[in-house]
Amino acid sequence: MKQAKILLLLFIGLGLILGLGKSQLLVLSAFGPEDSELSKVIYVVENNLTEKLITSVDTDGKKLAALSFDDGPDPLYTPGVLEILKRYQIKATFFVVGESVEAQPGLVKKEIEEGHELGNHTYSHPDLRSESDFKTEAEIHKTGQLLQKLSGTKGHFFRPPRRLYRKETIAIAERYGYKTVLWTICVENSKTKTPEEMAKRVIGAARPGMIILAHDGRLDRSLTLDALPMIIEGLQEQGYEFVTLEKLVGAGADN
Ligand SMILES: [Zn+2]
């Protein structure tokens, strides 16, 4: 009897700690940088809640990695990214923002012509935690239609801006035919101030099936452009091959 009481108290205590921990993490996440150590913890928490999110792919040890770029197209940075990808003969995935697609259709056409994959990153890059289901649908659908018009397909993958979403967001994306993809590691990080540091951090985190997030728009991305060749070369030296997300997911052990 006494043991049962102790066990019960332990359970309640553990529940309180876990409950408190999670709510604190989620509150902090609203103010934290996009790829802090803290947000890494949050991915794990979120992933346990929703198994539908893709943050990496089990390639059964095969050294494949996907490079993905968010927030473009942007005339300041997208051409530079495309040039680097061409130089290394790499195909990547661009999660584009609908309103930028409308402003820069030529850049999106170039991405398509050069064999890259397009993903849906909403129409206006909102915080989807505070958007209604109706607005979320409009954000996803509008961009899907733009992609369909330009490339003949609405794309396979959706990524919520700044990885902020509600449970319903993922269900809505799924209804529109998208798998929701986050990332394994982000190139831009508050702790790494130079391209060398950025590259070292990404290369240090290398593992088969990793999804790398970089950005080609919205803010100053010149450091990213400088880090990119170092990241590519560093991972290629380790035997990694870069593929689009569609190929990476297709190569997954589940398929
Ligand atoms: Zn974004």
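See the structure printed just above.
**Q** Explanation requested: the pairing of strand β1 (residues 64–70) in the structure shown.
**A** Consecutive side chains of a regular strand alternate in pointing toward one face of the sheet and then the other. Burial analysis of β1 places six of its seven residues in the buried class, which makes it a mostly covered element. Bridge count between β1 and strand β8 (residues 241–243): three bridges; the pairing is parallel. The partner of A65 across the bridge, within β8, is F242. Both β1 and strand β7 (residues 210–215) contribute to a ladder of six bridges, which runs parallel. Its bridge partner being in β7, S68 is matched across the sheet by L213. As for the winding sense of the linkage, the β-α-β connection from β1 through helix α3 (residues 78–87) to strand β2 (residues 93–96) is right-handed.

**Q** How should the pairing of β2 be read in this particular structure?
**A** Of the two faces of β2, the one carrying T93 and F95 and the one carrying F94 and V96 are both buried. Pairing of β1 with β2, which is carried by three bridges, proceeds in the parallel orientation. If you follow S68 over to β2, its bridge partner there is T93. The pairing of β2 with strand β3 (residues 117–120) spans four bridges and is parallel. In the strand pairing of β3, V96 is matched with N120.

**Q** So what exactly am I meant to see when it comes to the nonpolar core here?
**A** Where a protein is soluble and globular, its nonpolar side chains tend to be buried together. In this structure, A66, V187, I211, I212 and I231 are the most contacted members of the largest nonpolar core, which totals 53 residues. Dropping the residues within four chain positions of it, A66 is found in contact with T93, I211, I212, F242, V243, T244, L245 and L248.

**Q** What exactly am I supposed to notice about helix α9 (residues 222–237) here?
**A** An α-helix turns once per 3.6 residues; consequently, residues spaced three or four apart project the same way. For α9, spanning 16 residues, the distance from its first C-alpha to its last is 24 Å, which sits close to the expected 22 Å at 1.5 Å a residue. Roughly 30 degrees is the biggest bend found in α9, and it falls at L228, with proline P229 one to four residues downstream. Three or more residues of α9 are buried, namely T224, A227, L228, I231, I232 and L235. On the buried face of α9, the contacting elements are β1, α3, α8 (195–204) and β7. Immediately beyond the C-terminal end of α9, within one or two residues, lies G239, with a positive phi of roughly 95 degrees.

Calculation rules
- Residues numbered from 1 in each chain as written.
- Predicted model: local features only at pLDDT ≥ 70, side-chain atom pairs only at ≥ 80, totals over all residues.
- Buried ≥ 20, exposed ≤ 12 C-beta atoms within 10 Å, placed from the backbone.
- Helix = DSSP H or I, 4+ residues; strand = E, 2+ residues; numbered from the N terminus.
- Pairing = 2+ DSSP bridges.
- Right-handed = clockwise from strand over helix to strand, strands pointing away.
- Core = buried A, V, L, I, M, F, W, Y, C linked by C-beta atoms within 7 Å.
- Contact = placed C-beta atoms within 7 Å.
- Expected span 1.5 Å × (residues − 1).
- Bend = angle between axes of the 7 residues up to and from the residue.

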